[in-house]
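# Observations on the three-dimensional arrangement
For reference, the chains in residue letters:
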Amino acid sequence: MLPDDMTSHDSWPDLGEIDLMEYLGCAPNIFHGSVHTTEFNHMIGTQQTGLITKSETDWHIFEIDWQVDKIRFAVDKELYFVFAPSDVKNTTEWPFNESFYLILNIAVGGNWGASKGVDKASFEGDGQYMEVDWVR
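Note that the structure is predicted; figures quoted are calculated from it, not measured. (Residues numbered from 1 in each chain as written. Predicted model: local features only at pLDDT ≥ 70, side-chain atom pairs only at ≥ 80, totals over all residues. Heavy atoms only, no water.)

What follows is about the packing of aromatic side chains. All chains considered together, the criterion is met by 11 aromatic pairs. Note on Tyr23 and Phe31: the rings are 5.1 Å apart at their centroids and 35° apart in plane angle, and the pair reads as tilted. The class of Phe31 is buried, set by a relative accessible area of 7%. A centroid spacing of 5.2 Å and a plane angle of 40° characterise the contact between Phe73 and Phe81, whose relative ring orientation is tilted. (Phe/Tyr/Trp six-rings, centres within 6.5 Å; stacked < 30°, edge-to-face > 60°. Buried < 20%, exposed > 50% of the residue type's maximum accessible area, 1.4 Å probe, protein only.)

Below, the structure is given as C-alpha cells:
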C-alpha cells in the first residue's frame, strides 16, 4: 500500500509503504508482512518485517488492522507481526496518518526476490499467477 498523495517532495520510503503480503518463490510456504519508513527500511538495515508459514496452495485471508499507533498483521486471523514504533508523532517512524491505496502485483526480481536467482522455467506452461477472491 502506498500513500494517496504521492505528489509531495518526499519519496520512498519517506512517505511510507505497507506490504500486506509478500511472497518469494525461493522460500515456499513463507509469507511476509512489512512496513517501510524513513527510519525503518532495508537500505539502512532497520527493516520491519514479520513472517508466517502457511500452505501456498491453500486459500488464505491476509489482513492488517491499521490503528492510530500500530499496524497488526494476520493471516487467517492468526496475528504474526505488530509494527508499533515508539513515536507515532515522528513522521520518519510513522508516516501512516494519511490515506493509502492498494496495489496488487506480481513482482519478479529485485534485490530481495532475485537474491537466489529467478527460475526462468517457472514462467513456462501456466507461468505465474495470482488468484484473488475478494478485497475489502
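This part takes up the sheet that holds strand S3 (residues 30-36). Strand order in this open sheet of 3 strands is S2-S3-S4, and the pairing throughout is antiparallel. Every other strand in the sheet has two partners, leaving strand S2 (17-23) and strand S4 (48-53) as the edge strands with one partner each. Here the average twist between neighbouring strands, direction ignored, is 15°. As defined by bridge partners, S3 adjoins S4 across 6 bridges and the pair is classed as antiparallel. Paired with His32 across the strands is Leu51, a residue of S4. (Pairing = 2+ DSSP bridges. Helix = DSSP H or I, 4+ residues; strand = E, 2+ residues; numbered from the N terminus. Axes fitted to C-alpha atoms, helices over the stretch in contact; angles between N-to-C directions.)

Moving on, we get to a nonpolar patch on the surface. Taken together, Leu102, Leu104, Ile106, Val108, Val118, Phe123, Met130, Val132 and Val135 make up a surface patch of nonpolar side chains, about 760 Å² in accessible area. Structurally, the position occupied by Val108 is in the loop between strand S8 (100-101) and helix H1 (110-113). Take Val108: its relative accessible area is 49%, and that puts it in the partly exposed class. (Patch = residues over 30% accessible without salt bridge, like charges linked within 9 Å, V, L, I, M, F, W, Y side chains within 5 Å. Areas by Shrake-Rupley, 256 points an atom, 1.4 Å probe, with all protein chains shown as cover. Salt bridge = Lys/Arg side-chain N within 4 Å of Asp/Glu carboxyl O.)

Further remarks concern unusual backbone geometry. With an omega of 0°, the peptide bond running from Trp12 to Pro13 counts as cis. Here Pro13 is to be found in the loop between strand S1 (2-3) and S2. Phi is positive for Lys77, which is not a glycine, with a value near 70°. On the basis of relative accessibility, which here comes to 75%, the residue Lys77 falls in the exposed class.

Attention now goes to the nonpolar core. Within soluble globular proteins, side chains that are nonpolar generally end up buried alongside one another. Counting residues in each nonpolar core, the largest one holds 15 residues, and the members touching the most others are Ile18, Val35, Ile71, Phe73, Tyr80, Phe83 and Phe96. Among the secondary structure elements, those contributing two or more residues to this core are S3, strand S6 (71-75) and strand S7 (78-83). With residues up to four places along the chain from it excluded, the contact list for Phe96 reads Gly16, Glu17, Ile18, Val35, His36, Thr37, Trp66, Ile71 and Phe83. (Core = buried A, V, L, I, M, F, W, Y, C linked by side-chain atoms within 4.5 Å. Contact = heavy atoms within 4.5 Å.)

Evaluated as defined, the whole model comprises 3 salt bridges. Linking Glu78 and Lys54 is a salt bridge whose minimum nitrogen-to-oxygen distance equals 3.0 Å. Note that Glu78 is positioned in strand S7 and Lys54 in the loop between S4 and strand S5 (62-66), a separation of 24 residues in sequence. A relative accessible area of 40% places Glu78 in the partly exposed class. Since its relative accessible area comes to 17%, Lys54 is described here as buried. The shortest N-O distance in the salt bridge between Lys70 and Asp69 comes to 3.7 Å. Under the relative-accessibility criterion, Lys70 is labelled partly exposed at 23%. By relative accessible area, Asp69 is classed as partly exposed at 33%.

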